[in-house]
Amino acid sequence: MSADDFSLPDDMDLLKSLVRAMTQKTAALEDENAALRARSTDADERIKRLMEILKAYDRARFGRRSEKLGAGGPSVDEQAQQAFVFEEIETGISALRAQIGTGRTPHERRPSRPRKGFPPHLERVEVVIEPEDLPEHAGKQKVLIGEDVSERLDVIPAKFRVIVTRRPKYAFKGWDGVIQALAPAHIIESGLPTEALLAQIAVSKYADGLPLYRQEGIYARDHVEIDRRLMAQWMGRVGFELEILADHVLGEVLKGARVFADETSLPTLAPGAGATKKAWLWAYARDDSTFGGSGPPMVAYRFEDSRSGNCVRRHLQGYGGILQVDGYAAYSKLVRKDGGNDGPRLAGCWAHSRRRFYELHAAGASEIATATVERMAELWKLEAQVRGKDPEARAAARQAVSAPIVTELFTLWQRTLPRISGKSKLAEALRYAISRREIFERFLKDGLVELDSNIVERAIRPQTSAESLYPSSSTVWKHLYLFLSRHVTRASFPPEGVHNLLGLEIQSPYCHGAPSPPLQPKNIAPHHKPHIRHVANDVVMHVP
């Protein structure tokens, strides 16, 4: 409406009312505009902050090598920082969208986007919202012609409760004696926690990377005070209770016709030194599905403070199947020099050899390396086709396709090695492959053997995060394999938190000793300072 079309009333009172209404409307519009300007200013500041984060991320990814924390791909710390960056960006963008969305009219709808369905094992709680019965609906019959269905993910927060167990005592009139049900067995006898609480603490600590001191604060919000030192004692006890299960898993792994083995270093806290020392994690995996087996895949871990060949000899004592490994010499010592059958048969990992050539290929430093990588790709292409078939079919396909390629590669390597510098990286890669020809060619004749040992590498890689440290004074340090899962946090088990408890002296086969005898209780004098120590080949631990 233009100003010319707008007519003013002749009545003075009506004119005053109109002016007052327009003044109120103008004030409301000014307030709304001020709110929109403030919202726009805040959004601009947030967008500026997000742009700064993105620029910092670009500098981290594409900046000079000297500015990076490490070389050759992002480290664990870099990956964590990158994840943090993306979380910040996603949070900021979502907040901006929500802020902008408050200005939409009720009729505006956000465009639909494809959504992944929720897993079928989750409980479905159906809520039916019926339309309101209005007066004009009276006497009419409703007919269901359809419905709109939406799903939202809900959670029931964990809550504490107290299990009160009563065991009534009874006597019979006119008879002597009392009857009462036996007390149920618990992991922590006469202790506070149920087995469910122990599982909650263990999973949070070892699988979710939540140290005990943080759990202590979380539980305190529910006015439940559990000292972290007490929880540390519980975890030590649970570790010993789980040892039989860990031994069983390793025993089942070693029943397989083929076992993968790998080891990796772990940074471990050295108490009092203000630094870390190197410990070792050993993994043994079994997965029969690749050659048509029906056994479930499984992996067993062993935590050691040494990479000595005695460790793997102790872990694999008596195993006589196929052991698929990398090039570490300790595994070769398990094989009898006289060719006896009471030791394992080694199979090599082509992926370890390929990596050496691939580094030279990626740098454009060697045509031989490039040719090797291209020919090796044909080997993995066939493996994808025969995966899951029976061993005989796998071996036949490999003889037809892979055997000529392997022969060609070894011929190329042996012809090239004498013509290049023995100190070059290419020569190192060639010697690595040629010296392991026997175990590399085993997959051609035996369909049980895989082309690589990536199965065990995938199982061990997630356990070696740099932020996961354990003090060597902790008993759990020696029994980490009992709890091991993704992103383990090896937090402290403070010895000073144990007071006047019963001690158990245990000879552990995983602490450079012989097979364990039964547990032997040993009283500890009250005036001795409680501690955890190594005695020869033993581990002394205080438990509730």
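Preceding this section is the structure that the text describes.
Just so you know, these numbers come straight off a predicted model, no measurement behind them. (Residues numbered from 1 in each chain as written. Predicted model: local features only at pLDDT ≥ 70, side-chain atom pairs only at ≥ 80, totals over all residues. Heavy atoms only, no water.)

Quick word on the packing of helix 10 (residues 391-416) against helix 11 (residues 425-434)
Across the interface, helix 10 lies against helix 11 with an axial gap of 10 Å and an inter-helix angle of 130°. Relative to helix 11, the element helix 10 is oriented oblique. Two packed elements cross with a definite hand, and for helix 10 against helix 11 that hand is left-handed. Of helix 11, the residues touching helix 10 (which contributes Phe410, Trp413, Gln414 and Thr416) are Leu430, Ala433 and Ile434. (Axes fitted to C-alpha atoms, helices over the stretch in contact; angles between N-to-C directions. Helix = DSSP H or I, 4+ residues; strand = E, 2+ residues; numbered from the N terminus. Parallel < 35°, antiparallel > 145°, perpendicular 65-115°, else oblique. Left-handed = near helix turned anticlockwise from the far one by under 90°. Contact = heavy atoms within 4.5 Å.)

Here we look at the pattern of salt bridges
Tallied over the full model, the rule gives 18 salt bridges. Close ionic contact of glutamate 151 with arginine 124 constitutes a salt bridge, the shortest N to O distance being 3.8 Å. Placement of the pair is glutamate 151 in the loop between helix 2 (76-101) and strand 1 (169-170) and arginine 124 in the loop between helix 2 and strand 1, with a sequence separation of 27 residues. On the basis of relative accessibility, which here comes to 38%, the residue glutamate 151 falls in the partly exposed class. The class for arginine 124 is partly exposed, based on a relative accessible area of 40%. (Salt bridge = Lys/Arg side-chain N within 4 Å of Asp/Glu carboxyl O. Buried < 20%, exposed > 50% of the residue type's maximum accessible area, 1.4 Å probe, protein only.)

Concerning a nonpolar patch on the surface
A surface patch of nonpolar side chains, about 530 Å² in accessible area, is lined by Tyr170, Phe172, Trp175 and Ile179. Mapped onto the elements of the fold, phenylalanine 172 is located in the loop between strand 1 and strand 2 (179-180). With relative accessibility at 52%, the residue phenylalanine 172 sits in the exposed group. (Patch = residues over 30% accessible without salt bridge, like charges linked within 9 Å, V, L, I, M, F, W, Y side chains within 5 Å. Areas by Shrake-Rupley, 256 points an atom, 1.4 Å probe, with all protein chains shown as cover.)

Some details on helix 8 (residues 350-362)
For an α-helix, 3.6 residues make a turn, and residues three or four places apart therefore share a direction. Taking 1.5 Å of rise per residue, 13 residues should cover 18 Å, and helix 8 covers 18 Å from first to last C-alpha, within 8% of that figure. Among all positions in helix 8, only Trp350, Ala351, His352, Ser353, Phe357 and Leu360 are buried. Packed against the buried residues of helix 8 are helix 9 (367-386), helix 10, helix 11, helix 12 (437-440), helix 13 (442-445) and helix 14 (454-460). (Expected span 1.5 Å × (residues − 1).)

Notes on the environment of leucine 250
With respect to the helices, strands and loops of the structure, leucine 250 is situated in helix 5 (residues 228-253). Since its relative accessible area comes to 7%, leucine 250 is described here as buried. For leucine 250 and tyrosine 301, which are 51 residues apart along the polypeptide, the C-alpha to C-alpha distance reads 8.0 Å.

Some remarks on the packing of aromatic side chains
What the rule picks out here adds up to ten aromatic pairs. A centroid spacing of 5.9 Å and a plane angle of 85° characterise the contact between tyrosine 328 and tyrosine 331, whose relative ring orientation is edge-to-face. By the burial criterion, tyrosine 328 is buried, and tyrosine 331 matches it. Between the aromatic rings of phenylalanine 357 and tryptophan 413, the centroid separation amounts to 5.4 Å while the plane-to-plane angle is 10°, which identifies the pairing as stacked. (Phe/Tyr/Trp six-rings, centres within 6.5 Å; stacked < 30°, edge-to-face > 60°.)

Shape descriptors only; they carry no functional weight alone.
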